[in-house]
Amino acid sequence: MRFKLDKLPIRVKKCPITEAIIEIRFEPNIPIHELHAIIYGKFSQDYHHREAFKNLVLPEMIRKSNNDLKYSPCHRFQNDDLILHFGSHVFTIINYETLSKGYIGWDSFFTKAQEIFNTLFEKNVIKVLQRGSIRYVDFFQDINIFEKINLKLDYPNSINSEECSKENILFRNEFTHDDFKHIISISNHAEYGTLKGSCIDLDIIRDSEINQSNLFEIMEKGHKLEQELFFGLLEDSFLRSLEPQYTKE
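Not measured: the values here are computed from a predicted model.

A. Just the overall build of the protein chain, in detail. Across its full length, the protein chain holds seven helices and 11 strands. Counting across all 249 residues of the protein chain, residues that qualify as buried make up 48%. Of the roughly 13,300 Å² that the protein chain leaves accessible, carbon and sulfur atoms contribute 46%.

What follows is the structure, encoded as structure tokens:
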């Protein structure tokens, strides 16, 4: 499944982004308690809200033996721009639309991610990078997104497809392209706070041939692949309604 555009927008004025997430998974180079101490020392002053998750109390051997726990964060830091989640084998940077400054845009978001990850690299806390990913979640209020995208679902002749299109639909697909795994989740019965509408969730993952020297190049490529997929999904008329911008202002 691929969708191509002749020209990619830089942004849209009516921005539907609710979450932007950059994540790395890794094998640590130092004991876990030292890793957490270094992260606290480097970032705690810049993030006014800090908390520990309940899984922190689990013995490290239990967390390492279960991948769901192994790559689950144990701590959460937050400021006006970002939320940081980190654990023994994972570091996640999140920009929510609901934060004080809202979505800060890819350039600012990626710059901050580079600064954070470079700090980890300089402290030599990462032995091996295992995975890097870019994920975006977009919400469309009071819209059935399946009526606005270049993806049509076929039903058997015995089923009224028009009626089905009005029902709750959850579409999920995984495929690999350019050495990146693409995970698409689309729902027309999503909720965002008290709002109801549709959601497009795109996760672009690289879990091979990734290291500290090529991480940022991989993430920029992953972001471009996410843009191509997202904007290519949208029907032309719907994309125009979001007021795309093709040059920086």
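B. Examining the pairing of strand 2 (residues 17–28) more closely. For strand 2, the buried fraction is high: nine of the 12 residues fall into the buried class. Two strands pair when backbone bridges link them, and strand 2 and strand 7 (residues 126–141) are joined in this way by 11 bridges, in the antiparallel orientation. Across the sheet, residue Ile-24 finds its bridge partner in strand 7, namely Gly-132. Summarising the sheet, strand 2 and strand 6 (residues 90–96) pair through seven bridges and their orientation is antiparallel. Each residue of the ladder has a partner; that of Glu-23, found in strand 6, is Thr-92.

C. Quick look at unusual backbone geometry. Phi at Asn-124 takes a positive value of approximately 55°, unusual for a residue other than glycine. Take Asn-124: it is sitting in the loop between helix 4 (106–122) and strand 7.

D. Examining the packing of helix 1 (residues 32–43) against helix 4 more closely. Relative to each other, helix 1 and helix 4 sit at 135°, their axes nearing to 11 Å. Judged on the interaxial angle alone, helix 4 and helix 1 are oblique. Pair helix 1 / helix 4 crosses with right-handed handedness. Contacts between helix 1 and helix 4 involve Ile-39, Lys-42 and Phe-43 from the former and Ile-116, Thr-119 and Leu-120 from the latter.

E. How the structure looks around helix 4. Across its 17 residues, helix 4 extends 24 Å between first and last C-alpha, which sits within 8% of the 24 Å expected from 1.5 Å per residue. Within helix 4, burial applies to Trp-106, Phe-109, Phe-110, Ala-113, Ile-116, Phe-117, Thr-119, Leu-120 and Phe-121. Buried-residue contacts for helix 4 involve strand 2, helix 1, strand 5 (83–86), strand 6, strand 7 and helix 6 (215–233). Directly beyond the C-terminal end of helix 4, a positive phi value near 55° is found at Asn-124.

F. Layout of the pairing of strand 5. Burial of strand 5 is two-sided: the residues Ile-83 and His-85 facing one way and the residues Leu-84 and Phe-86 facing the other way are all buried. Bridge count for strand 4 (residues 75–78) against strand 5 is four bridges, and the pairing is antiparallel. Looking at the pairing, His-75 lines up with Phe-86 of strand 5. Connecting strand 4 to the next strand, strand 5, in antiparallel fashion are four residues. Of the pairings in the sheet, the one linking strand 5 to strand 6 comprises four bridges and is antiparallel in character. Of the residues in strand 6, the one forming a bridge with Phe-86 is Phe-91. Adjacent in sequence and paired antiparallel, strand 5 and strand 6 are bridged by three residues.

G. Broad picture of the layout of surface pockets. One number sums up the size of the largest pocket: a volume of about 520 Å³. Ile-10, Arg-11, Ile-17, Tyr-103 and Trp-106 are, among the 22 residues lining the largest pocket, the residues nearest its centre. Listed by contribution, the elements that provide at least two residues to the lining of the largest pocket are strand 1 (11–12), helix 4, strand 7 and helix 6. In the lining of the largest pocket, the residues fall into 12 nonpolar, four polar and six charged. Counting only elements with at least two residues in the lining of the second largest pocket, the list comes to strand 2, strand 6 and strand 7.

Parameters at a glance
- Residues numbered from 1 in each chain as written.
- Predicted model: local features only at pLDDT ≥ 70, side-chain atom pairs only at ≥ 80, totals over all residues.
- Heavy atoms only, no water.
- Helix = DSSP H or I, 4+ residues; strand = E, 2+ residues; numbered from the N terminus.
- Buried < 20%, exposed > 50% of the residue type's maximum accessible area, 1.4 Å probe, protein only.
- Areas by Shrake-Rupley, 256 points an atom, 1.4 Å probe, with all protein chains shown as cover.
- Pairing = 2+ DSSP bridges.
- Axes fitted to C-alpha atoms, helices over the stretch in contact; angles between N-to-C directions.
- Parallel < 35°, antiparallel > 145°, perpendicular 65-115°, else oblique.
- Left-handed = near helix turned anticlockwise from the far one by under 90°.
- Contact = heavy atoms within 4.5 Å.
- Expected span 1.5 Å × (residues − 1).
- 1 Å grid on protein atoms, 1.4 Å probe; cavity = no way out; pocket = protein on both sides within 12 Å on 5 of 7 lines; lining within 4 Å.
- Points joined across faces, edges and corners; volume = space filled by probe spheres on them.
- Nonpolar A, V, L, I, M, F, W, Y, C, P; charged D, E, K, R; others polar.

Scope: geometric values only; no functional claims are made or implied.
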